[in-house]
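# Summary of the model geometry
So you can see what is in the structure, the chains are spelled out below.
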Amino acid sequence: MYNFDFVKPGSVADAVAVLADDDAQPLSGGQTLIPSMKARLNAPGTLVSLTGIPDLVGVCRESDTLVIGAATTHAQVARDAAGDFPGLAALAGQIGDPAVRNRGTIGGSLANNDPSACYPAAALGTGATIVTDRREIGADDYFQGMFATALEEGEIITSVRFPIPQASAYAKFVQPASRFALTAAFVARYASGVRVAITGASENGVFRWAEAEAALSSNFSADALASLGCSPHEMIADLHGTAAYRAHLVGVMTRRAVTAAG
Amino acid sequence: MSKVTMTVNGRERSAEVEGRTLLSGFLREGLELTGTHVGCDTSQCGACVVLVNGQAIKSCTAFAHDLDGAEVTTIEGVANADGSLGRIQQAFKDYHGLQCGFCTPGMVMSTAALLAENPKPSEEEVRHYLEGNICRCTGYQNIVRAVMAASGQEAGALAAE
Ligand SMILES: Cc1cc2nc3c(=O)[nH]c(=O)nc-3n(C[C@H](O)[C@H](O)[C@H](O)COP(=O)(O)OP(=O)(O)OC[C@H]3O[C@@H](n4cnc5c(N)ncnc54)[C@H](O)[C@@H]3O)c2cc1C
Ligand code: FES
Ligand code: FES
């Protein structure tokens, strides 16, 4: 790993000021960034830790919305969201392993937008709002393909606002070596309709499965999906599974999520 | 280089380290506490797990500077005051929860975190909690038995996986 200057600001304003430098990069839990710096895929001149900013940490309910600070760890979400939004807490509790959950954060996960990551499915599957130091971005506009997001250079996520669903669940088929999702589905039911987001499957990253949303909005049961298939077009194909296998898993995991959501 | 100070196994310890120095390097090279093992150095194996402010983390995947001021417990800190093996260490010995011993420091520290959170875990909870700790030797069976024994539960009757 190349060396760098380490800074740990105490406020969002101070962090954003340092990040105005092109050669500076934010560090949250480091569970993705540190391995990629070791592999020299990333070599920032200055690393700006976000873990010393109290405003970025915490889970808090504001009427029908659950607001989660960007630097809140997966372990804390698993614990503190359990009462208000059990589907999200369960998702956080399935990320990686306990040591990863004690460091990794929701903001880091959403900024990274790994095509097999868990949180993107919850954010897109609820129509969450990604709040940054300068604006608010709806999930439908935020995710822009594998590892690509609407974030600008130097822009940091400060919190995520999740509309709390009436019922929800995340069904994850674990890729046991990486612990990421081989394919997973997040299903959320609202008075206005059902949203379904799929991660791990598409070469374009997390996506909404529109046909399943339509079917589930009129009949919220696994049976409503019985005759529905997802196309293998542009699905990921690698040594862990073919495109057709992943397309099949999309249906299986969505049905499991619907059953679990009840 | 600048100074980082942590309370390690109850004692305040400092070392001069670079920005890129990992917690594992701070412990092993800075403080010469080589009980914490680095297996993969890619965040996968859990050999390097230590407790930071009571929570299990992978010391190869955190920067020392980010943990300035933290309270750290390593494998060197788990023996009893008289030098005899701690409860978890003794159970790993009694139930043959190790062969080469490379993964053992991480296994013991993860177990310490588990039992602090959940003093009487089920076998399934033990297996789930230790998912991030990889062992190349034992096949895990005796590790799970050791953890069950360390939690004061009957370890004899576990089904083979
Ligand atoms: C063994 C292992 C298993 C894992 N399993 C899973 C899994 O099952 N599911 C899953 O989803 N993930 C998994 N992960 C990834 C993990 O969830 C990471 O914690 C997460 O992807 C990144 O979060 P972080 O806080 O560690 O971010 P970091 O690694 O610190 O940062 C990641 C990227 O985001 C940027 N960034 C960080 N915070 C912000 C912010 N607030 N605003 C803007 N940019 C920011 C950084 O500059 C960097 O580019 C796993 C990781 C490991 C090591
Ligand atoms: S050495 Fe840290 S996880 Fe393997
Ligand atoms: S005892 Fe050898 S790796 Fe676990």
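About the criteria used
- Residues numbered from 1 in each chain as written.
- Chains lettered and ligands numbered in written order.
- Predicted model: local features only at pLDDT ≥ 70, side-chain atom pairs only at ≥ 80, totals over all residues.
- Heavy atoms only, no water.
- Core = buried A, V, L, I, M, F, W, Y, C linked by side-chain atoms within 4.5 Å.
- Buried < 20%, exposed > 50% of the residue type's maximum accessible area, 1.4 Å probe, protein only.
- Domains from an automatic or database assignment.
- Contact = heavy atoms within 4.5 Å.
- Axes fitted to C-alpha atoms, helices over the stretch in contact; angles between N-to-C directions.
- Helix = DSSP H or I, 4+ residues; strand = E, 2+ residues; numbered from the N terminus.
- Parallel < 35°, antiparallel > 145°, perpendicular 65-115°, else oblique.
- Left-handed = near helix turned anticlockwise from the far one by under 90°.
- Nonpolar A, V, L, I, M, F, W, Y, C, P; charged D, E, K, R; others polar.
- Near = heavy atom within 4 Å.
- Polar contact = N/O pair within 3.5 Å; in protein donor to acceptor, adjacent residues only side chain to side chain.
- Pairing = 2+ DSSP bridges.
- Buried area = accessible area lost by both parts, 1.4 Å probe.
- Salt bridge = Lys/Arg side-chain N within 4 Å of Asp/Glu carboxyl O.

## Notes on the nonpolar core
Residues and elements named next belong to chain A. Within the largest apolar cluster, 38 residues are counted, with the highest numbers of intra-cluster contacts made by Leu-88, Leu-110, Tyr-119 and Phe-162. Counting the residues that make up this core, at least three belong to each of domain 2 (54-163) and domain 3 (167-261). Excluding anything up to four places from it in sequence, Tyr-119 contacts His-74, Val-77, Leu-88, Leu-91, Ala-92, Ile-95, Ile-106, Ser-109 and Leu-110. Counting 29 residues, the second largest nonpolar core, distinct from the first, contains Leu-182, Cys-230, Met-235 and Ala-261.

## A few points about the packing of helix 2 (residues 87-94) of chain B against helix 3 (residues 104-117) of chain B
All names here are of chain B. Following both chains from N to C, one finds helix 2 and helix 3 inclined at 125°, their axes separated by 10 Å at the closest point. Judged on the interaxial angle alone, helix 3 and helix 2 are oblique. Every pair of crossing elements has a handedness; the one defined by helix 2 and helix 3 is right-handed. Where helix 2 approaches helix 3, its residues Arg-87, Ile-88, Gln-89 and Phe-92 are matched on the opposing element by Thr-104, Met-107, Val-108, Thr-111, Ala-112 and Leu-115. The residue makeup of the contact of helix 2 with helix 3, split by class, is 6 nonpolar, 3 polar and 1 charged.

## So, the site of ligand 1
As a matter of local geometry, ligand 1 sits amid 32 residues, with Pro-26, Leu-33, Thr-105, Cys-118 and Arg-179 of chain A nearest to it. More than one chain reaches ligand 1: its neighbouring residues belong to chains A and B. In this structure, an oxygen atom belonging to ligand 1 sits 2.6 Å away from a main-chain N or O atom of Pro-26 of chain A. Within the backbone of Gly-96 of chain A, a nitrogen or oxygen atom sits 3.1 Å from an oxygen atom of ligand 1. At the level of secondary structure, the elements contributing two or more residues to the shell around ligand 1 comprise strand 2 (24-27) and helix 6 (106-112) of chain A. Here the residues of the shell around ligand 1 sort into 14 nonpolar, 14 polar and 4 charged.

## Things to note about the domain arrangement of chain A
As a measure of interface size, the accessible area lost when the parts come together is often cited. When cut into domains, chain A gives domain 1 (5-49), domain 2 (54-163) and domain 3 (167-261). The centre of domain 1 of chain A, based on its C-alpha atoms, is set 34 Å off from the matching centre of domain 3 of chain A.

## Re the pairing of strand 9 (residues 167-174) of chain A
All names here are of chain A. For strand 9, the tally of buried residues reaches 6 of 8 residues, placing the bulk of the element in the interior. Alignment of strand 9 against strand 10 (residues 181-190), held across 8 bridges, turns out to be antiparallel. Residue Ala-169 lies in a different strand from strand 10, and its bridge partner there is Val-187. Linking strand 9 to strand 10, which pair antiparallel, is a turn of 6 residues; within it Arg-179 sits at a positive phi near 75°.

## Digging into the packing of helix 2 of chain B against helix 5 (residues 141-150) of chain B
Residue and element names in this part refer to chain B. The contact between helix 2 and helix 5 brings their axes to 8 Å, and the two run at 135°. The angle between the axes of helix 2 and helix 5 places the two elements in the oblique class. As for how helix 2 packs across helix 5, the hand of that crossing is right-handed. Across the interface between the two elements, Arg-87, Ile-88, Ala-91 and Phe-92 of helix 2 pack against Ile-143, Ala-146, Val-147, Ala-149 and Ala-150 of helix 5. The residue makeup of the contact of helix 2 with helix 5, split by class, is 8 nonpolar, no polar and 1 charged.

## Things to note about the sheet that holds strand 2 (residues 11-17) of chain B
Residue and element names in this part refer to chain B. Strand order in the open sheet made by the 5 strands is 2-1-5-3-4, with mixed pairing throughout. Edge positions in the sheet fall to strand 2 and strand 4 (55-58), since each of these pairs with one other strand and no more. The sheet shows a mean angle of 40° between the axes of neighbouring strands, direction not considered. Taken together, the 4 bridges between strand 3 (residues 49-52) and strand 4 define a ladder with antiparallel strand orientation. Bridged to Val-50 within strand 4 is Ile-57. Contacts from helix 1 (residues 23-30) reach strand 1 (2-8), strand 2, strand 3, strand 4 and strand 5 (71-73), with the element oriented near 100° to strand 2. Packed onto the sheet, helix 3 meets strand 3, strand 4 and strand 5 and runs at close to 35° relative to strand 3.

## Quick word on the interface of chain B and chain A
Across the contact, 22 residues belong to chain B and 27 residues belong to chain A. Of the roughly 2,100 Å² buried between chain B and chain A on both sides combined, carbon and sulfur atoms contribute 53%. Considering only the side of chain B, the residues that lose the most area to chain A are Arg-20, Phe-63 and Asp-66 of chain B, jointly responsible for 31% of the buried surface there. Summed over the shared surface of chain B and chain A, the result is 5 salt bridges.

## Examining the side chain of Thr-199 of chain A
Residues and elements named next belong to chain A. In this structure, Thr-199 sits in strand 11 (residues 193-199). At a separation of 3.1 Å, a polar atom in the side chain of Thr-199 contacts the main-chain carbonyl oxygen of Pro-115. Setting aside its immediate chain neighbours within four residues, Thr-199 contacts Pro-115, Ser-116, Ala-117, Ala-121, Tyr-170, Ala-181, Thr-183, Ala-184 and Val-206.

## What to know about unusual backbone geometry
Residue and element names in this part refer to chain A. Here Asn-113, not a glycine, exhibits a phi torsion of approximately 50°, which is positive. Structurally, the position occupied by Asn-113 is in the loop between helix 6 and helix 7 (119-126). In the Ramachandran plot, Glu-234 falls in the positive-phi region, its phi being about 60° despite a non-glycine side chain. If you trace the backbone, Glu-234 turns up in the loop between helix 9 (210-218) and helix 10 (243-261). Looking at Glu-234, the relative accessible area reads 40%, which means it is partly exposed.

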